[in-house]
Amino acid sequence: MVFSSATFLFLFLPVVIAAYLLAPRGLHNAVLIGASLFFYLWGEPHWFWVLLASVIGTYWAGFFLQPRFSPRQRKWALTLGLVFNLGLLGFFKYANFLTGNVDRAARFLGWGHPPALPPIHLPIGISFFTFQALSFLIDVYRGTCPPQLSFPRLLLFKSMFPQLIAGPIVRYKDVARDLKDRNLDLDDWTIGAQRFVVGLARKVILANPLGAVADQIFALPFASLSTPVAWLGLLCYTLQLYYDFSGYSDMAIGLGRMFGFTFPENFNFPYCSRSIQEFWRRWHMSLSAWFRDYLYIPLGGNRHGPLQTGRNLLIVFGLCGFWHGASWNFVVWGFFHGFFLIVERIGLGKLLERCWPPLAHGYALLVVGIGWVFFRSADLPSSFHYLAALSGHGADPLHAELAARYLNGEVLFCLAAGIFFAGPAARFEPLASQSTEAGTGLLLRYGLHLALLMLCLGYVASSTYNPFIYFRF
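The following paragraphs examine the structure supplied in this document. What you see as residue numbers is a count from 1 along each chain, following the sequence as written. Given that this is a predicted model, residues contribute local features only at a pLDDT of at least 70 and side-chain atom pairs are listed and counted only at 80 or more, while totals for whole chains, interfaces and linings are drawn from all residues. The side-chain numbers reported here are obtained from all heavy atoms of the structure, hydrogens and water having been left aside.

1. Let's talk about the overall build of the chain
Every helix listed is a DSSP run of H or I at least four residues long, and every strand listed is a run of E at least two residues long, numbered separately from the N terminus. Along the chain, the regular secondary structure elements total 17 helices and 0 strands. In terms of its C-alpha atoms, the chain occupies a principal-axis envelope of roughly 70 × 65 × 50 Å. Counting over 473 residues, the chain shows a buried share of 54%. When contacts within the chain are restricted to residue pairs at least 6 apart in sequence, those whose partners lie at least 24 apart make up 77%. By element, 68% of the accessible surface of the chain is carried by carbon and sulfur atoms, the whole surface being about 21600 Å². Once the 34 positive and 23 negative side-chain charges of the chain are each reduced to a mean point, those two points are 10 Å apart. Under the scheme applied here, a residue whose accessible area is under 20% of the maximum for its type counts as buried, over 50% as exposed, and between as partly exposed, the area being computed with a 1.4 Å probe on protein chains only. Contact criterion: two residues are considered in contact whenever any of their non-hydrogen atoms come within 4.5 Å of each other. In short, Shrake-Rupley with a 1.4 Å probe defines the accessible areas, and a residue's cover is counted only from the protein chains shown. Only four residue types enter the charge count: Lys and Arg as positive, Asp and Glu as negative, with His and the chain ends excluded. For charged residues, the charge sits on one atom: NZ in Lys, CZ in Arg, CG in Asp, CD in Glu.

Below you can see the structure in the form of structure tokens.
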């Protein structure tokens, strides 16, 4: 049940909002828990127990992390909690990948076929709620947040539907106070609703039409993929991924605000970056901060010289890529970004700071775009074929797909709007509360958001293309 589906917009969300508003304040958490569990059950009726197992395991590990237990007991509790959650993630997300690679290696060496695992279903959102559990346990162990002895509150933290299946990655300490007590504030509802509408528009008006074109082009065989078409497909996918993911983050942040929670921001115009270092300060910021705080800094960060810093960057971004999906494509994508981060640290970064800004911007976009080829393609051979087409080795234009056939009025509008709104020239404050604005300006702003909502609902009702690109997470 994705946020941009008719089921969510016309049935689930109105019912949850009505139940939340009508319920006494003491039952608000219960309403959200019930709604969140139903939301997850709708998409994962057979693997719902994986989420519950993660919550129960995290709760008991957190219980034994209280200061009243000995240091040895607390260390064991942390270790078991981390191993349990990582074990769930490893089995469901990576078991088939690992056994498949073992099988290929065994056949290559002439050792026959080892026993194969049947296909294992990947529970939706397991990467997100696993990272939530890890950060909670580590923060409690470090003493930066208290243990949560209320099982219902921990269950709500881990299962809250606005942030259950997509970013941003919310840490327990970000919402600890709100889980315990929060006000039903009209300004929060107003700002949250407007933020949700903006995110919905990013998803259904921009990301979906561009994604339809990207899907068609990336599905073309190499023999018919011309260079102009390959570049058009990459541009469409680059914008689709940004508006889909940032739109989902906007919707999640808006929904959280409507129910009294403040989630962290996740994007800050990443395609305006002039280096890969800057890109990762702007793209999926909650994930970047997670890897920085729980992996990069514990490994030593940049405190022990350039060689260890480079090693740490490769480890972090290799695992970052592997976190995104059980595929060599994602591993290559992670190492690809790690390589450029190392190059920038040893000198390229200073050169980029001094060079002509548009040139630095073009470099960052080119590197990010090449990386997206590995992110989007089905496998490594497909990635290299696509890169060959981009580099001018595509099919003969006389016997190939032509870019013009994809460029109808809607696609041209989405490309122009997508490029414009990806830059800071489009920066504006689309949100307003009754306490900060009044009169004609407030009515005009509400009217614009209402019109945008009606347009989005029309798209949702009339379109059959509404991909959920986070299924692998």
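2. Observations concerning a nonpolar patch on the surface
The grouping of Ile 56, Trp 60 and Phe 64 at the surface amounts to a nonpolar patch, some 300 Å² of accessible area in total. Within the fold, Trp 60 resides in helix α3 (residues 48-63). Classification of Trp 60 by relative accessible area gives partly exposed; the value is 46%. Like-charged residues within 9 Å of one another, or nonpolar side chains (Val, Leu, Ile, Met, Phe, Trp, Tyr) within 5 Å, are grouped into patches, provided each residue has over 30% relative accessible area and no salt bridge. Within this document, salt bridges are pairs made up of a side-chain nitrogen of Lys or Arg and a carboxyl oxygen of Asp or Glu, the two lying within 4 Å of each other.

3. So, the nonpolar core
By nonpolar core we mean a set of buried residues, namely Ala, Val, Leu, Ile, Met, Phe, Trp, Tyr and Cys, connected to one another through side-chain atoms within 4.5 Å. Judged by nonpolar contacts, the single largest core of 145 residues is most densely connected at Phe 8, Phe 161, Trp 283 and Trp 372. Leave out the neighbours within four places in its chain, and Trp 283 touches Leu 241, Tyr 242, Phe 245, Asn 266, Phe 267, Pro 270, Tyr 271, Ser 288 and Trp 372.

4. Examining the environment of Ala 207
Among the structural elements, Ala 207 can be located in helix α8 (residues 186-218). The spacing of Ala 207 and Arg 72 is 135 residues in sequence and 50 Å in space, taken between C-alpha atoms. When sequence neighbours within four positions are dropped, the list of residues in contact with Ala 207 reads Arg 202, Gln 240, Tyr 243 and Asp 244.

5. Section: unusual backbone geometry
Not every positive phi belongs to a glycine, and Phe 269 is a case in point at roughly 50°. Classification of Phe 269 by relative accessible area gives buried; the value is 12%. Despite not being glycine, His 284 has its phi angle at roughly 40°, a positive value. Among the structural elements, His 284 can be located in the loop between α10 (276-282) and α11 (285-299). The exposure class of His 284 is buried, given its relative accessible area of 1%.

6. So, helix α12 (residues 305-324)
Expected helix span is taken as 1.5 Å per residue step, with the number of steps being one fewer than the number of residues. In this model, α12 (20 residues) spans 29 Å end to end at C-alpha, consistent with the 28 Å of a helix rising 1.5 Å per residue. Here α12 has its buried residues at Thr 309, Gly 310, Asn 312, Leu 313, Val 316, Phe 317, Gly 318, Cys 320, Gly 321, Phe 322, Trp 323 and His 324. Where α12 is buried, its residues contact α4 (71-108), α5 (126-142), α10, α11, α13 (328-354) and α14 (357-376).

7. Comments concerning the environment of Gly 81
Note on placement: Gly 81 falls in helix α4. What makes Gly 81 buried here is its relative accessible area of 3%.

8. Topic: the packing of aromatic side chains
The rule is short: rings of Phe, Tyr and Trp, with Trp giving its six-membered ring, pair when the centres are within 6.5 Å, and they are stacked under 30 degrees, edge-to-face over 60, tilted in between. One pass over the full model with this rule turns up 67 aromatic pairs. Throughout this description, the term charge over a ring refers to an Arg CZ or Lys NZ atom that lies within 6 Å of the ring centre and within 35 degrees of the ring normal. Directly above the ring of Tyr 237 sits Arg 376, whose terminal nitrogen or CZ lies 5.9 Å from the centroid.

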